[in-house]
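Spelled out from the first residue to the last, the chains are:
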Amino acid sequence: MFESFYNGRILIVDLAKGTTQEESLDEEMIKQYLGGAALNTALFEKNADSDPIIIGCGPLTASFAPGSCLGVMTARSPLSRQLVHVPLTWQTAVETKLSGFDFLVFLGKAPEPVHLWLHDELADIKPSSGINEKDAWEITDFLREEYGDESIQVLGVGPAGTKGSSASRVSENYWGSKDKFALGAVWGEKGLKAIASRGLGFFTQPDEVFPKAMELKDLLLAGKIKGKGGLLEMLDSLGANGKAKGILEKFSHRRNACFNCPYACNEFLMMEEEPASRKRSDKEEPGLQINNVSDLLALSPFGEDSLELLRKALKLGLDPTFCGLIIKKKGLDAPGAIKELDRLAREGGELGKEDLPNFSGVSPWPEEVKMESFLVQALGVFSNAVPPRPVIASYEDFSISEDPVERAQWWMKRQGIAYVLGLCPQLALISPELKGEDMVELLKAGNGWGELSVGKLEEIVKNMIVSSLKSKEGEEDINQSLKPEGFDESLVKLKEKFA
Ligand code: SF4
């Protein structure tokens, strides 16, 4: 019944024993949790004794639906001590799903670092001796060469994750990720260095799915994103600082979209050649791709030097937002900041101890924002590498009132739906035309699941958020600078919505 959206396979990787085992993804599980962050949460709870890492796809991941690139990584953050969900965009989760696996569950700790190679419905655990000391760029190159395919997608941790730094993050190929919760350190602690996947599979879908998905894509293209693209438009709509915009205007070379996305927001900046040149560069490292508007905003106060800093952070597997706060506090110049990135990769740091803005150790969205955005970041369930408010579109476009609690509740639900279905959570904030009803229709057309409804989808999302919030160990600790007047009362009201 669900084979048009899932392979039906969960891979259990026992890192301590060095073994893999397959479990079937049965219909009852899908009916109860649908997929993505909700099924990840159920798998996390089932294996809670091993403090697992779960990587999962939604039913729409790798489908014809617009923005269907999303995979979700779920684990307990070493910063906030809470179950968190990180969106994997670009092509990494698509490749995992097409290699034959819908969900990956990592248990225990490897005695020696390992990596996982997924291909053709096969999973091999391999020693990582060749890549332990390598940075995120070298790991990607190494694994693509090792397995002989330039299209291999790599999730990996650079030196920061290997050393357990609190400023680390998991990287998707060369260009960082939307991990703001230091899950790179969790990988490092478990001895998981990388996952390489290459998928040549496909899902046969009923005839009505493709035209419905194309209709939806056309609707989006004719909506708020009509004639728009790239990071510059996003920065404009967010009212972002002039330095970040100046960098884009000067260095932007081309835009790339994640799998099946109608809004190309990944921007390649050319550093070593003329940005306007259309010739293929023969330089080894001609520039860098920014997949994440918060990365650019965090380091843009350094002007053009920020690109060198970003390149360094990407290689080391560091979260630029976390690093940007520490660097700013220390008042370092560009050479000093480069050295500081090396130190942060080795030793990490604590934003709280430095009296820097943080939500239970997690760095905030790097621009000044309003109450509603602080509220969603305080809950800390979803990544704030995705803007904590609408972008390109406005709250009005989504018919949301000015009440901060209502706005925050809306953001949480909107993100939750994207994280469960396997759609980009950023596109969900850009395109008000993307509606739950259409997604449900698409799923029904694909699998004939008559009883699925928007109400059921929202219930699944709410349960996932409730479970994630309940998982918190220790007290919430929010820096005073992130608490505007009335914040505590509003946070209580928001939490009541997810109790
Ligand atoms: S909106 Fe940006 S991050 Fe999201 S799928 Fe599209 S290109 Fe990727």
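Bear in mind the structure is a predicted one, so any value in this text is a computation, not a measurement.

Points about the pairing of strand β4 (residues 71–76)
Line of reasoning, step 1. Most of β4 sits inside the fold, with six of its six residues counted as buried.
Line of reasoning, step 2. With burial as the criterion, each face of β4 is covered, one bearing Gly71, Met73 and Ala75 and the other bearing Val72, Thr74 and Arg76.
Line of reasoning, step 3. Of the strand pairs in this sheet, β4 and strand β5 (residues 83–88) are connected by six bridges, and their pairing is antiparallel. Among the inter-strand pairings, Met73 is bridged to a residue of β5, identified as Val86.
Line of reasoning, step 4. Here β4 folds back onto β5, and the loop between the two strands holds six residues, one of which, Arg81, carries a positive phi near 55°.

What to know about helix α9 (residues 242–251)
Line of reasoning, step 1. Turning to α9, its buried residues are Ala244, Ile247 and Leu248. Along α9, the residues classed as buried sweep out an arc of 95° about the axis, all on the same side. Those residues of α9 that are exposed and aimed more than 90 degrees away from the buried face are Gly242, Glu249 and Lys250.
Line of reasoning, step 2. Elements that come into contact with the buried residues of α9 comprise α8 (230–238), β12 (252–256), β13 (266–270), α10 (293–299) and α11 (305–316).

Let's talk about the site of the ligand
Line of reasoning, step 1. Close to the ligand lie 13 residues; Cys258, Cys261, Cys265, Cys424 and Leu427 are nearest.
Line of reasoning, step 2. When the residues that make up the shell around the ligand are grouped by side-chain class, the tally is nine nonpolar, four polar and no charged.

Considerations on the packing of helix α14 (residues 371–379) against helix α19 (residues 487–497)
Line of reasoning, step 1. Orientation of α14 relative to α19, taken along the N-to-C sense of each, is 55°, at an axis distance of 10 Å. With respect to α19, the axis of α14 lies oblique. For the pair α14 and α19, the sense of crossing is right-handed. Here Met371, Phe374, Leu375 and Ala378 of α14 lie close against α19, whose contacting residues are Phe487, Ser490, Leu491 and Leu494.
Line of reasoning, step 2. Here the residues of the contact of α14 with α19 are counted per class, giving seven nonpolar, one polar and no charged.

Notes on the sheet that holds β5
Line of reasoning, step 1. In space, the six strands of this open sheet follow the order β2-β1-β6-β3-β4-β5, with mixed pairing throughout. With partners counted over all chains shown, the strands left at the sheet margins are β2 (19–24) and β5, one partner each. Within the sheet, the average angular offset between the axes of one strand and its neighbour, ignoring direction, is 20°.
Line of reasoning, step 2. For strand β3 (residues 53–57) and strand β6 (residues 103–107), the ladder comprises four bridges, and the chain directions are antiparallel. By the bridge assignment, Ile54 is partnered in β6 with Val105.
Line of reasoning, step 3. Docked against the sheet, helix α6 (residues 183–190) engages β3, β4, β5 and β6, running at close to 70° with respect to β4.

Analysis parameters
- Residue indices follow the written sequence of each chain, beginning from 1 at its first position.
- In keeping with the model being predicted, local features are shown solely for residues with a pLDDT of at least 70 and side-chain atom pairs are shown and tallied solely at 80 or more, while totals for entire chains, interfaces and linings include all residues.
- Counting other C-beta atoms within 10 Å of each residue's C-beta, where C-beta atoms are placed from the backbone, gives the exposure class: buried for 20 or more, exposed for 12 or fewer, partly exposed between.
- To qualify as a helix, a DSSP run of H or I must reach at least 4 residues; to qualify as a strand, a run of E must reach at least 2; elements of each kind are numbered from the N terminus.
- When DSSP finds two or more bridges between a pair of strands, those strands are recorded as paired.
- Arc, as used here, means the arc of the directions from the helix axis to the C-beta atoms.
- The contact criterion used here is simple: two residues whose C-beta atoms, placed from the backbone, lie within 7 Å are in contact.
- Using a C-beta atom placed from the backbone, a residue is scored as near a molecule or strand whenever that atom is within 6 Å of it.
- For this classification, the nonpolar set comprises Ala, Val, Leu, Ile, Met, Phe, Trp, Tyr, Cys and Pro, the charged set comprises Asp, Glu, Lys and Arg, and every other residue, Gly included, is treated as polar.
- Here, axes are lines fitted to C-alpha atoms. For helices the fit covers the stretch in contact, and angles between N-to-C directions go from 0 to 180 degrees.
- Roughly parallel refers to an angle under 35 degrees, roughly antiparallel to one over 145, roughly perpendicular to one between 65 and 115, and oblique to any angle outside these ranges.
- Left-handed describes a crossing in which the near helix is turned anticlockwise from the far one by less than a right angle; the clockwise case is right-handed.

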